[in-house]
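Okay, here's what each chain looks like letter by letter:
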Amino acid sequence: MPALVMFERKFRIASDDFVLPAIWSASIRFLVLVAAVVVYFTEHSFHECPGGQVLALFMIGLAVLLSVTILLEFTIAFFSAQGSILAPGRRRFVPVFLYIRLAVLGIEVIWSGVAAFWILQEWDNEGDKGCDLTIIRLVKTSLFCFWALIFLLLVVVWLLFEPSPKEEEEDGPRDSSGSHGSRHLRRVAKSNWHKRCQWLCCFAGKDDNLEAAYADAAEILSHLFGTFDIVPSDVAAGFVLMQLEQQRRICRGESLSHHRFSLPSDVHLPTAPLAEVLDPVVYYFKYSAAMYGWPYFMESNVCCGACRLFPLCRCCSCVRTDLLSIEKDNCCRCNTSSIVSLLDVDEDDIIYISFHNKIYEVPFMVLIDRGRKSIVVAIRGTLSLKDALTDVTADAQLVDIAGHDDIYAHKGMVCTARFLCKKIKELRLLEEAKSREPDFPIVFTGHSLGAGAAILTSSMLKDEWPGIKCYAYASPFGLLNAEGVHFTKDFVVSVVLGLDIIPRLSIQTVNDLRDQVVEVMQHSPTPKYRILLGGCWYSICGLPKLLPDPGVKAPLLGSPIKKPKELGKIEGGGDSYTEEQGQLELPRPPSPTPSEGRMQIELYPGGSLIWIREAEEERPRGWCQGPSSYRAQWATYKEFDHIVISPYMVTDHLPRTMNRAINWVAEHMEEVLDIHLTAI
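Residues numbered from 1 in each chain as written. Predicted model: local features only at pLDDT ≥ 70, side-chain atom pairs only at ≥ 80, totals over all residues. Heavy atoms only, no water.

**With respect to the sheet that holds strand E14 (residues 608-614)**
Pairing in this open sheet of 9 strands is mixed, and the strands run E3-E4-E5-E6-E9-E10-E11-E14-E15 from one edge to the other. Edge positions in the sheet fall to strand E3 (326-327) and strand E15 (630-635), since each of these pairs with one other strand and no more. Across 6 bridges, the pairing between strand E5 (residues 364-369) and strand E6 (residues 374-379) is antiparallel. The partner of Leu 367 across the bridge, within E6, is Val 376. (Pairing = 2+ DSSP bridges. Helix = DSSP H or I, 4+ residues; strand = E, 2+ residues; numbered from the N terminus.)

Next up, the structure:
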């Protein structure tokens with residue numbers, strides 16, 4: 001922080017991000033330099049080649065260029081390592097050395113280009129004119145690797161390149177203090193996020209809702225991050241510092257909850273015993289996981305998945321006209337075959353299955369489960385960039401529920417639920433299933449995006465089908481307002497696993513996390529590269545029992561935001577520091593627009609909440625430490641109104657991880673219930 005500015009353009013990289021790349025590059029070049037010097041002084045056969053003197057001159061020039069480059073790389077690494085994340089003053093010479101490094105790179109390109117042209121034109125590939133064929137191939141390989149690195153560098157620069165020039169931020173209106181207003185900075189950020197969304201989904205194809213989704217996603221992302229001049233590595237370092245600080249608070253016996261939401265904390269607690277609900281929760285998860293199709297099947301059967309799936313597939317299914325109940329599967333029906341294999345069901349019991357996927361339109365299926373005597377509607381979770389755009393469209397929108405005009409929910413999932421309701425009613429899918437088995441109850445289920453869509457779709461159909469039930473897995477935190485929570489409490493059960501980030505994710509919780517990350521970064525005197533190296537170690541092997549000293553005496557979170565005197569004012573960003581106040585000064589928030597007003601509506605998880613977590617949680621484990629036993633308990637939204645930074649915040653969301661935990665609970669049901677009763 002702040003973002004690096006070169007050639008009047010911002011890049012998504014900061015001046016303290018060059019330590020490890022520069023050391024790595026210098027080390028590689030040092031090995032090449034040693035090899036070139038050894039070849040020059042020990043191998044004399046290249047002097048006998050046609051143009052051997054030119055080759056010798058090239059190797060001397062190469063050694064000189066490598067020496068200069070190595071010196072520059074270590075100089076850049078030294079200056080980049082100075083100061084903390086929010087102290088860029090000590091790194092003010094980094095852009096100067098980067099300009100010099102680019103000039104040397106241009107000389108390297110010219111030098112290697114001339115040498116490559118000469119080598120390919122003059123040297124005999126068979127080595128019949130006195131040239132050692134090994135040396136010829138070695139030089140050609142070296143040149144090829146150099147140009148490959150140049151190509152990689154261009155790709156990295158393209159990825160880090162900001163879509164708009166820095167002048168766009170400077171040309172806007174200023175407030176009374178002379179700084180740019182939040183509205184202007186937000187508008188620039190919204191434009192940038194819109195372009196990033198277009199770039200990420202450049203292969204998404206045509207979609208009627210695509211541009212609207214871009215605009216909604218850009219609006220929300222600019223609202224969350226628009227006035228902060230940060231780069232991805234700042235976020236990663238902030239997460240590492242947050243993980244350490246959260247663990248310190250746990251060791252001190254402090255709660256991580258912020259208690260900022262207005263909904264009573266006991267509203268999610270049901271009256272039914274956990275034993276009555278846990279069995280169907282365990283059973284219906286297989287439908288949510290199976291809807292991911294052949295990718296989940298292959299992940300679940302890594303060694304022999306292809307061998308098991310191939311006999312079930314049917315070639316040229318895409319041209320058959322008798323498969324009216326299957327929509328948009330691939331030509332070999334890989335997804336349908338995977339689902340039939342995973343669920344062990346008869347294809348005749350599948351009423352309808354669709355793999356059609358667009359913005360706000362997700363795959364789903366309707367089938368008859370004769371084992372549990374139920375009609376199951378399973379909805380797929382996030383598996384594409386289009387689904388991700390639906391997830392990001394997280395502001396509140398009114399839900400179409402008969403008799404209720406005060407229920408708001410996650411906009412992207414409301415639009416998805418409307419699509420599902422329309423499809424189910426147009427094709428009369430539930431009526432057809434009921435005509436076959438009129439006494440079977442209807443059960444909705446889904447994971448992630450599918451979980452939120454299942455809760456909202458079942459809510460919309462509740463008036464028409466009163467006995468409907470819903471089992472949702474890893475549904476997002478910001479799904480329903482308080483009225484929606486009360487409405488879904490009696491027929492929806494939401495399951496959360498461990499430290500999964502999605503059931504903790506909402507606009508409000510991301511706002512809290514953003515502010516806390518900025519706060520801990522301001523207090524940390526540690527250089528970013530050391531923070532990131534420590535984070536890699538903690539992710540692999542877990543946090544140490546004796547946590548490292550944060551560098552301040554007072555607790556970080558909730559304490560006044562101070563700054564070292566050396567910080568001064570950060571250039572090129574929307575955030576600034578004032579010497580008089582000694583704290584981070586953010587742009588004054590403007591009056592909210594209607595869309596920003598919808599973002600202020602508090603959204604909560606839907607239904608009653610079951611939390612499955614590890615039975616023993618002394619301290620966060622790393623990836624190299626295996627899973628332990630689990631316990632299940634009723635929970636309230638207060639358990640999830642904050643984001644816990646951990647290596648498991650992502651892995652606990654994956655279907656395979658939840659499947660492992662669900663299977664453990666199924667195998668140890670009595671033990672899980674005993675733990676729950678003991679906890680009560």
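**Here's the deal with the pairing of E14**
Counting buried residues along E14, 7 of its 7 residues qualify, which places the element largely inside the surrounding structure. Of the strand pairs in this sheet, E14 and E15 are connected by 6 bridges, and their pairing is antiparallel. Within E15, the residue paired with Glu 614 across the bridge is Tyr 630. (Buried < 20%, exposed > 50% of the residue type's maximum accessible area, 1.4 Å probe, protein only.)

**Some points on the pairing of E6**
When you tally the buried positions in E6, you get 6 out of 6 residues, the bulk of the element. As consecutive antiparallel partners, E5 and E6 are separated by 4 residues, and within that stretch Lys 373 has a phi angle of approximately 55 degrees, a positive value. Pairing geometry for E6 and strand E9 (residues 442-447), over 5 bridges, is parallel. Bridge assignment links Ile 375 to a residue of E9, and that residue is Ile 442.

**As for the packing of helix H14 (residues 411-426) against helix H16 (residues 449-460)**
Two numbers describe how H14 lies on H16: the axes approach to 8 Å, and their chain directions differ by 60 degrees. With respect to each other, H14 and H16 are oriented oblique. H14 and H16 meet at a crossing whose hand is right-handed. Every residue of H16 that contacts H14 at Met 413, Val 414, Thr 416, Ala 417, Arg 418, Leu 420, Cys 421 and Ile 424 is listed here: Leu 449, Gly 452, Ala 453, Leu 456, Thr 457 and Met 460. In the contact of H14 with H16, the residues fall into 10 nonpolar, 3 polar and 1 charged. (Axes fitted to C-alpha atoms, helices over the stretch in contact; angles between N-to-C directions. Parallel < 35°, antiparallel > 145°, perpendicular 65-115°, else oblique. Left-handed = near helix turned anticlockwise from the far one by under 90°. Contact = heavy atoms within 4.5 Å. Nonpolar A, V, L, I, M, F, W, Y, C, P; charged D, E, K, R; others polar.)

**What about the packing of aromatic side chains?**
All told, the structure shown has 17 aromatic pairs when counted by the stated rule. Both rings, one in Tyr 604 and one in Tyr 637, keep their centres 5.0 Å apart while their planes meet at 75 degrees; by these two values the pair is edge-to-face. Within this pair, whereas Tyr 604 is found in the loop between helix H20 (594-599) and E14, its partner Tyr 637 is found in the loop between E15 and helix H21 (648-651), the two being separated by 33 residues in sequence. Ring geometry for Tyr 630 versus Trp 664: centroids 6.0 Å apart, planes at 65 degrees, classification edge-to-face. (Phe/Tyr/Trp six-rings, centres within 6.5 Å; stacked < 30°, edge-to-face > 60°.)

**Section: the packing of helix H7 (residues 210-225) against helix H18 (residues 507-523)**
Taken N-terminus to C-terminus, the directions of H7 and H18 make an angle of 35 degrees; their axes are 10 Å apart at the nearest point. Packed against H7, whose contacting residues are Ile 220, His 223, Leu 224 and Phe 225, the element H18 presents Ile 507, Val 510, Asn 511 and Arg 514 at the interface.

**Notes on the nonpolar core**
Counting 55 residues, the largest nonpolar core has Leu 430 and Phe 444 as its most contacted members. The next biggest cluster of nonpolar side chains, apart from the first, holds 43 residues, and it includes Tyr 292, Ala 474, Leu 497 and Met 658. (Core = buried A, V, L, I, M, F, W, Y, C linked by side-chain atoms within 4.5 Å.)

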